[in-house]
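Take a look at the letters that make up each chain.
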Amino acid sequence: MKFILYAAMLAASVSFAQTPGVSPAATHWKLATGYRAESFHTQNIAQFAREVGVASGGQLTIEVFPNSTLAKLADIPQAVRDGVAQAGEAIMTGMVKDMPIAGADSVPFVVSTYSDAQRLWKLQRPGIEKHFAERGLKPLYAVPWPPQGLHSSKPVHSLADFKGTQMRTYNATTLRIAELLGAKPVDVAMVDVGKALAEGRMDSMITSALTGVENKVWGPIKYYYEINAWFPKNVVFVNTKAFDALKPDVRAAVLKAAGDAQTRGWAMSQALASSATEELRANGVKIERIPPDVDTEIKRMGEKLSREWVRSVGNEANTIFVPYYIK
Ligand code: PCA
């Protein structure tokens, strides 16, 4: 009986495939992200996916898997290389171990405005494309997080205040900062920040006001300092073979939607940068200026980190920062 059923199903599927006028099966991509569905980055990706579906006339559908449901944030580039997902999103500063040049995003105090961030991305992009290509990946677009500030449970009078405290980290730069401050680094995923604060596992962190808002950090976090340390970018990329396998018109639709997603994402980020700081304030977080001598100390630490990064990357760093500073 079972055999007859299988045979019937097989016959049905064969006749379906052969029916004239039925288009060949559409291509389906899985896109993995490590951030929540409500995050503006993910919302932007979801719109990108919808636009690709429409512009390709349904020839390519992209299914978004948020919140590390398909692969953990740190593992997404490898998952896309391995074909577990055809596309993914990663935070570039999270890729520095494998690709030091990706760390250009979190060299402190280089970029302090969105227009600086735009210039940096333009200069970085060729190198990023090359390194991604060597790994069988193709970047589609990148969008920055709002500027990185300092969240703290206590007022900051001196960098020595951080000694022995617990500082949340999310990339190599924040880890190094915690080390230099003599703080205990605590690696906490963005989506777990609220939980880690509630459990008393962290006293401070460098990240955007937006990440503070999304995790409702008020209560444990009492101060936010707008130090504009850097503007890290998330990059959305695809497995090169998967991209090359598309028909030319579908490829063009993907690139067009990616360009639009990039423009839209930068505008979303910039709008959220100020509204998020206001939301922290409205929830009782004090938005303060860092005392001038602490600012000097932080900038000095930033220079040290910059030197370390340039040394780790070598000459390639110059291809970005020499033109960046010449303007
Ligand atoms: N939020 C992410 C990365 C940068 C940001 O603003 C995080 O805190 O992990």
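Here the residue index of a chain counts from 1 through its sequence in written order. Local features in this predicted model are restricted to residues of pLDDT 70 or higher, and side-chain atom pairs are both shown and tallied only at a pLDDT of 80 or more, whereas totals for entire chains, interfaces and linings draw on every residue. Here the side-chain values reflect all heavy atoms present in the structure, with hydrogen atoms and water set aside.

**Looking at the overall build of the protein chain**
No. 1: By the criteria applied, helices consist of DSSP H or I runs no shorter than four residues and strands consist of E runs no shorter than two, each listed in order from the N terminus. Helix and strand counts for the protein chain stand at eleven helices and eleven strands.
No. 2: Taking the principal axes of its C-alpha atoms as reference, the protein chain extends roughly 80 × 45 × 30 Å.
No. 3: For the protein chain, with 327 residues in total, the buried portion stands at 48%.
No. 4: Pairs of residues are marked as contacts when any of their non-hydrogen atoms sit within 4.5 Å. By sequence separation, contacts in the protein chain at least 24 residues apart represent 78% of the contacts at least 6 residues apart. To sort residues, take the accessible area from a 1.4 Å probe on protein chains only and compare it with the maximum for the residue type: under 20% means buried, over 50% means exposed, and anything in between is partly exposed.

**Overview of the pattern of salt bridges**
No. 1: We define a salt bridge as a side-chain nitrogen of Lys or Arg found within 4 Å of a carboxyl oxygen belonging to Asp or Glu. Throughout the structure, instances matching the rule amount to 14 salt bridges.
No. 2: Two residues, Arg 176 and Glu 308, come together in a salt bridge whose shortest N-O distance is 2.8 Å. Residue Arg 176 is found in helix H5 (residues 172-181), and its partner Glu 308 is found in helix H10 (residues 292-313); the two are separated by 132 residues along the sequence.
No. 3: We classify Arg 176 as partly exposed; its relative accessible area is 25%.
No. 4: By relative accessible area, Glu 308 is classed as partly exposed at 21%.
No. 5: One salt bridge in this structure joins Asp 260 and Lys 256, with 2.7 Å as the shortest N-O distance. Of this pair, Asp 260 and Lys 256 both sit in helix H9 (residues 248-282), four residues apart, which is roughly one turn of the helix.

**Topic: the nonpolar core**
No. 1: Grouped together as the largest cluster of nonpolar side chains are 100 residues, with contacts concentrated most on Trp 29, Phe 48, Tyr 141, Leu 150 and Phe 321.
No. 2: Considering each element in turn, this core owes the most residues, nine residues, to H9.
No. 3: Apart from the residues within four sequence positions on either side, Tyr 141 is in contact with Asn 44, Ile 45, Phe 48, Arg 125, Asn 234, Val 235, Val 236, Ala 258, Ala 261 and Gln 262. By nonpolar core is meant a set of buried Ala, Val, Leu, Ile, Met, Phe, Trp, Tyr and Cys residues that side-chain atoms within 4.5 Å join together.

**Things to note about the site of the ligand**
No. 1: Around the ligand sit Ile 91, Trp 145, Gln 148, Arg 168, Tyr 170, Met 190, Thr 207, Ser 208, Thr 211 and Pro 232, and those are all the residues in its vicinity.
No. 2: Contacts described as polar in this section are N or O atom pairs within 3.5 Å, which, within protein, must combine one atom able to donate a hydrogen with one able to accept it, while residues neighboring in sequence count only if both atoms come from side chains. Interatomic distance of 2.6 Å between a side-chain N/O atom of Ser 208 and an oxygen atom of the ligand.
No. 3: The protein chains shown are the only cover counted for residues, whose accessible areas, like all others here, come from Shrake-Rupley with a 1.4 Å probe. Relative to its unbound accessible surface of 260 Å², the ligand loses 99% to contact with the protein. We call a residue near a molecule or strand whenever a single non-hydrogen atom of that residue lies within 4 Å of it.

**Concerning unusual backbone geometry**
No. 1: At Lys 216, a position not held by glycine, the phi torsion is positive, near 45 degrees.
No. 2: Relative to the assigned elements, Lys 216 resides in the loop between helix H7 (209-214) and strand S9 (223-225).
No. 3: Unusually for a residue other than glycine, Asn 228 sits at a positive phi of about 45 degrees.
No. 4: With respect to the helices and strands, the residue Asn 228 is situated in the loop between S9 and strand S10 (233-239).

**Notes on the sheet that holds strand S6 (residues 166-169)**
No. 1: Between any two strands, pairing holds if DSSP finds at least two bridges. Spatially, S7-S6-S8-S5-S9-S11 is the arrangement adopted by the six strands of the open sheet, whose pairing is mixed. Two strands in the sheet have a free side with no partner beyond their single neighbour: strand S7 (184-187) and strand S11 (286-288). Across this sheet, the average inter-strand angle for adjacent strands is 30 degrees, counted without regard to direction.
No. 2: By the bridge criterion, five bridges tie strand S5 (residues 148-152) to strand S8 (residues 204-208) in an arrangement that is antiparallel. Across the sheet, His 151 pairs through a bridge with Met 205, a residue of S8.
No. 3: Lines fitted to C-alpha atoms define the axes, with helix axes restricted to the stretch in contact, and inter-axis angles between N-to-C directions lie between 0 and 180 degrees. The strands touched by H5 are S6, S7 and S8; relative to S6, the strand with the most contacts, the crossing angle is about 160 degrees.

**Comments concerning the sheet that holds strand S1 (residues 27-32)**
No. 1: Judged by pairing direction, the sheet is mixed, and its five strands sit side by side in the order S2-S1-S3-S10-S4 without closing on themselves. Each edge of the open sheet carries a strand with a single partner, namely strand S2 (60-65) and strand S4 (137-144). Mean inter-strand twist for the sheet, computed between neighbouring axes without regard to direction, equals 20 degrees.
No. 2: Strand direction decides the pairing type here: S4 and S10, joined by seven bridges, are antiparallel. Its bridge partner being in S10, Tyr 141 is matched across the sheet by Val 236.

**Digging into the packing of H10 against helix H11 (residues 316-326)**
No. 1: The geometry of H10 relative to H11 is characterised by a closest axis approach of 7 Å and an angle of 130 degrees between their N-to-C directions. Relative to H11, the element H10 lies oblique. Seen from H10, the contacting residues are Trp 309, Val 310 and Val 313; seen from H11, they are Glu 316, Ala 317 and Phe 321.
No. 2: In the scheme used here, Gly and all other residues not listed as nonpolar or charged are polar, with Ala, Val, Leu, Ile, Met, Phe, Trp, Tyr, Cys and Pro taken as nonpolar and Asp, Glu, Lys and Arg as charged. A per-class count over the contact of H10 with H11 returns five nonpolar, no polar and one charged. An angle counts as roughly parallel when it lies under 35 degrees, as roughly antiparallel when it exceeds 145, as roughly perpendicular when it falls between 65 and 115, and as oblique in every other case.

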